[in-house]
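Chain residues, written in single-letter form:
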Amino acid sequence: MKITREITTFVSSVFKNMVDFVFPSTCPCCDKAIESHQLFCDKCFHQITFIKKPMCYRCGQPLLLEKAKGKVLCPDCLKKRPLYDIARAAFIYDSASKASILKLKYTDRMEYAYPLVELLYQAGCDLFSKTDIIMPVPMHWRRRLKRKYNQADLLGRLLAKKTHILYSSKNLIRSRHTEVQENKTLSERNKNVKDAFCIKKPQEIQNKTILLIDDVFTTGATVSNCAKALKKDGAKAVYVLTIAKTLKR
């Protein structure tokens with residue numbers, strides 16, 4: 001039995017090395033082969049703008065301050081508090097980082113999910129100790145049938161496994177089919193997803209802190225409407241964690 005296990009382990013290791021050799025990992029931005037298990041090649045890595053402090057305590061917008069003490073808020077969050085409680089993202093969504101998201105989202109490059117979850121983990125490290133349940137931003141079944149999988153669900157499952165936090169992918173649902181949010185204004189986005197989400201089992205989220213997972217935070221319309229539905233049915237707080245975030249103008 002021991003010999004069989006050792007042979008199996010050896011064969012698996014050899015096969016993995018062969019696959020890595022024949023099908024090397026590539027950088028999602030420039031398609032350059034990369035040897036180690038990293039997401040970007042060295043050149044593209046230095047072009048990615050990772051979000052660091054100081055940032056708005058609520059929405060995670062980077063702030064042009066040398067130092068910031070306490071819970072500093074950006075002008076938008078001072079003017080109107082978001083429906084979610086805290087939002088964090090790993091890096092800025094721009095021309096340098098865009099490809100890494102789009103390839104996971106539209107071209108079935110699911111292998112990019114693993115290193116992206118590592119970035120999610122780093123960006124949300126302050127949220128996990130206060131989180132009761134991790135949930136993905138849901139995708140309507142019609143769109144999921146077309147895309148084959150929900151990238152937010154994939155990221156959420158991997159993150160829940162890494163953090164050992166309860167995962168729920170079927171309680172928060174998209175109750176109606178909506179148009180894609182790309183190329184819409186903030187008001188159009190809000191109208192598009194208004195009342196598009198609901199909770200199947202409200203008793204499971206009563207007084208719970210929910211961590212919503214998505215790929216990109218653009219205007220916040222989608223996650224805000226998710227937060228609205230969750231809080232309406234009893235959630236205590238809603239956090240948002242995304243891979244990338246579009247800078248406010």
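Conventions adopted
Residues numbered from 1 in each chain as written. Predicted model: local features only at pLDDT ≥ 70, side-chain atom pairs only at ≥ 80, totals over all residues. Heavy atoms only, no water. Core = buried A, V, L, I, M, F, W, Y, C linked by side-chain atoms within 4.5 Å. Buried < 20%, exposed > 50% of the residue type's maximum accessible area, 1.4 Å probe, protein only. Helix = DSSP H or I, 4+ residues; strand = E, 2+ residues; numbered from the N terminus. Pairing = 2+ DSSP bridges. Right-handed = clockwise from strand over helix to strand, strands pointing away. Salt bridge = Lys/Arg side-chain N within 4 Å of Asp/Glu carboxyl O. Axes fitted to C-alpha atoms, helices over the stretch in contact; angles between N-to-C directions. Parallel < 35°, antiparallel > 145°, perpendicular 65-115°, else oblique. Left-handed = near helix turned anticlockwise from the far one by under 90°. Contact = heavy atoms within 4.5 Å. Phe/Tyr/Trp six-rings, centres within 6.5 Å; stacked < 30°, edge-to-face > 60°. Lys NZ or Arg CZ within 6 Å of the ring centre and 35° of its normal.

**Some points on the nonpolar core**
In step 1: Core analysis: the largest hydrophobic core is formed by 36 residues, its most contacted members being F91, L116, L155 and L211.
In step 2: When residues of this core are traced back to their parent elements, those giving at least two are strand 3 (86–92), helix 4 (98–106), helix 5 (113–123), helix 7 (151–163), strand 8 (209–217) and strand 9 (237–245).
In step 3: The next biggest cluster of nonpolar side chains, apart from the first, holds 28 residues, and it includes L63, I205, L212 and V240.

**Structural notes on the pairing of strand 8**
In step 1: The element strand 8 is extensively covered by neighbouring structure, given that nine of its nine residues are classed as buried.
In step 2: Here strand 8 runs beside strand 9; their pairing, made up of eight bridges, is parallel. Across the sheet, residue D214 finds its bridge partner in strand 9, namely T242.
In step 3: Read as a crossover between parallel neighbours, the route from strand 8 over helix 9 (residues 221–232) to strand 9 is right-handed.

**Some thoughts on the pattern of salt bridges**
In step 1: Under the definition given, this model contains five salt bridges.
In step 2: R81 serves as the salt-bridge partner of D85, at 3.3 Å between the closest nitrogen and oxygen.
In step 3: For D85, a relative accessible area of 10% puts it in the buried group.
In step 4: Via salt bridges that share partners, R81, D85 and K231 belong to a single interconnected network.

**A short note on the environment of P115**
In step 1: Inspection of the secondary structure puts P115 in helix 5.
In step 2: According to the relative accessible area criterion, P115 is buried, its value standing at 19%.

**Notes on the packing of helix 5 against helix 7**
In step 1: For the pair helix 5 and helix 7, the least separation of the axes is 9 Å and the interaxial angle reads 60 degrees. The pairing of helix 5 with helix 7 is recorded here as oblique in orientation. In the crossing of helix 5 with helix 7, the sense of the turn from one axis to the other is right-handed. Contacts between helix 5 and helix 7 involve A113, Y114, L116, V117, E118, L120 and Y121 from the first element and L154, L155, L158, L159, K162 and T163 from the second.

**Notes on the sheet that holds strand 8**
In step 1: Read from one edge of the open sheet, five strands run 3-9-8-4-5, paired in parallel fashion. Two strands bound the open sheet, and with one partner strand each, they are strand 3 and strand 5 (166–167).
In step 2: Here strand 3 runs beside strand 9; their pairing, made up of six bridges, is parallel. Residue pairing across strands places A87 opposite V240, the latter belonging to strand 9.
In step 3: Across the sheet, helix 9 touches strand 4 (133–136), strand 8 and strand 9, and the angle it forms with strand 8 is around 165 degrees.

**Things to note about the packing of aromatic side chains**
In step 1: Inspection of the entire model under this criterion finds five aromatic pairs.
In step 2: Relative to F50, the ring of F45 has its centre 5.3 Å away and its plane inclined at 45 degrees; by these criteria the two rings are tilted.
In step 3: Centroid distance Y121 to F128: 5.4 Å. Interplanar angle 20 degrees. Geometry classified as stacked.
In step 4: Taking the relative accessible area as the measure of exposure, F128 reaches 11% and is therefore buried.
In step 5: Of the aromatic side chains, those joined through ring pairs into one cluster are F40, F45, F50 and F91.
In step 6: The ring of Y121 has K162 sitting right over it, with the charged end atom 4.7 Å from the ring centre.

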